[in-house]
Amino acid sequence: MSISPPSYKQNRLKQLRAFCKTVETKNISRAAEKLFLTQPTISLQIKALERELDVIVFERHGPQIRITPDGELLYEIAKPLLEGIDNLAQTFASRSGRLDSGELTIVAGESTILYLLPEFLSCFKERHPGIHINLRQRVDRRTRRC
């Protein structure tokens, strides 16, 4: 029998996202706008997060809010977690060698660009059509003396 986590824990990601966006915008209504949610939804998510962690993350003075020291600590911990989750697919693709998009810059001498790279680049482009390749010719600035 599988035991699922309590439903409030499944919402932790939403709570942390609401909290971090509020910190970044310094306003609950603007955070709600950025997340395409309502202001009451953001407020409820932040309050639920405060209840779960038994802390106050914002001092509230009417519509004005100010982050508390506990809120600053939570933001410091939560922000990289959210960034990691948001970039999970890209990070996984990058680390597993399954890149679908990006840019590759190759700097080489003229002979290498003209005679060695075309076959390799053709094969690479077939396997990774979304990768843009920049070729730069290396210029040898040394003066040759006879």
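Since we're looking at a predicted model, the values are computed, not measured.

1. Description of the packing of helix α2 (residues 12-25) against helix α4 (residues 39-53)
Here comes step 1: At their nearest, the axes of α2 and α4 sit 8 Å apart, and the two run at 110° to each other. Put simply, α2 runs roughly perpendicular to α4. Considering the relative orientation of α2 and α4, their crossing is left-handed. Contact residues: α2 offers Arg12, Lys14, Gln15, Leu16, Ala18, Phe19 and Thr22, while α4 offers Ile42, Gln45, Ile46, Ala48, Leu49 and Glu52.
Here comes step 2: For the contact of α2 with α4, the per-class residue count stands at seven nonpolar, three polar and three charged.

2. What about the packing of α2 against helix α5 (residues 69-86)?
Here comes step 1: Packing of α2 against α5 leaves a shortest axis separation of 9 Å and a crossing angle of 115°. In terms of crossing hand, the pair formed by α2 and α5 is left-handed. The residues of α5 that touch α2, namely those facing Leu13, Leu16, Arg17, Phe19, Cys20, Val23 and Glu24, are Gly71, Leu74, Tyr75, Ala78, Lys79, Leu82, Ile85 and Asp86.
Here comes step 2: A breakdown of the residues in the contact of α2 with α5 according to their chemical character gives 10 nonpolar, one polar and four charged.

3. Brief notes about the side chain of Thr68
Here comes step 1: Positionally, Thr68 belongs in the loop between β2 (64-67) and α5.
Here comes step 2: A distance of 2.6 Å separates a polar side-chain atom of Thr68 from the backbone oxygen of Ile56.
Here comes step 3: Once residues lying within four places of it in the same chain are set aside, the contact partners of Thr68 are Ile56, Val57, Phe58 and Glu59.

4. Focus: the pairing of strand β1 (residues 58-61)
Here comes step 1: Pairing geometry for β1 and β2, over four bridges, is antiparallel. Bridging from a neighbouring strand, His61 pairs with Gln64 of β2.
Here comes step 2: Here β1 folds back onto β2 in antiparallel fashion, the turn holding two residues, of which Gly62 has a positive phi close to 65°.

5. A word on the nonpolar core
Here comes step 1: Ranked by internal contacts, the top residues of the largest apolar core, which has 16 residues, are Leu16, Phe19, Ile42, Ile46, Val57, Phe58 and Leu74.
Here comes step 2: At the level of secondary structure, the elements contributing two or more residues to this core comprise α2, α3 (28-34), α4 and α5.
Here comes step 3: Of the residues forming this core, the biggest block, five residues, is contributed by α2.
Here comes step 4: Not counting residues up to four positions away in its chain, the partners in contact with Ile46 are Ala18, Phe19, Thr22, Val57, Phe58 and Arg60.
Here comes step 5: One finds Ile106, Ile113, Leu117 and Leu121 within the second-largest nonpolar core, a separate group that totals six residues.

Cut-offs applied
Residues numbered from 1 in each chain as written. Predicted model: local features only at pLDDT ≥ 70, side-chain atom pairs only at ≥ 80, totals over all residues. Heavy atoms only, no water. Axes fitted to C-alpha atoms, helices over the stretch in contact; angles between N-to-C directions. Helix = DSSP H or I, 4+ residues; strand = E, 2+ residues; numbered from the N terminus. Parallel < 35°, antiparallel > 145°, perpendicular 65-115°, else oblique. Left-handed = near helix turned anticlockwise from the far one by under 90°. Contact = heavy atoms within 4.5 Å. Nonpolar A, V, L, I, M, F, W, Y, C, P; charged D, E, K, R; others polar. Polar contact = N/O pair within 3.5 Å; in protein donor to acceptor, adjacent residues only side chain to side chain. Pairing = 2+ DSSP bridges. Core = buried A, V, L, I, M, F, W, Y, C linked by side-chain atoms within 4.5 Å. Buried < 20%, exposed > 50% of the residue type's maximum accessible area, 1.4 Å probe, protein only.

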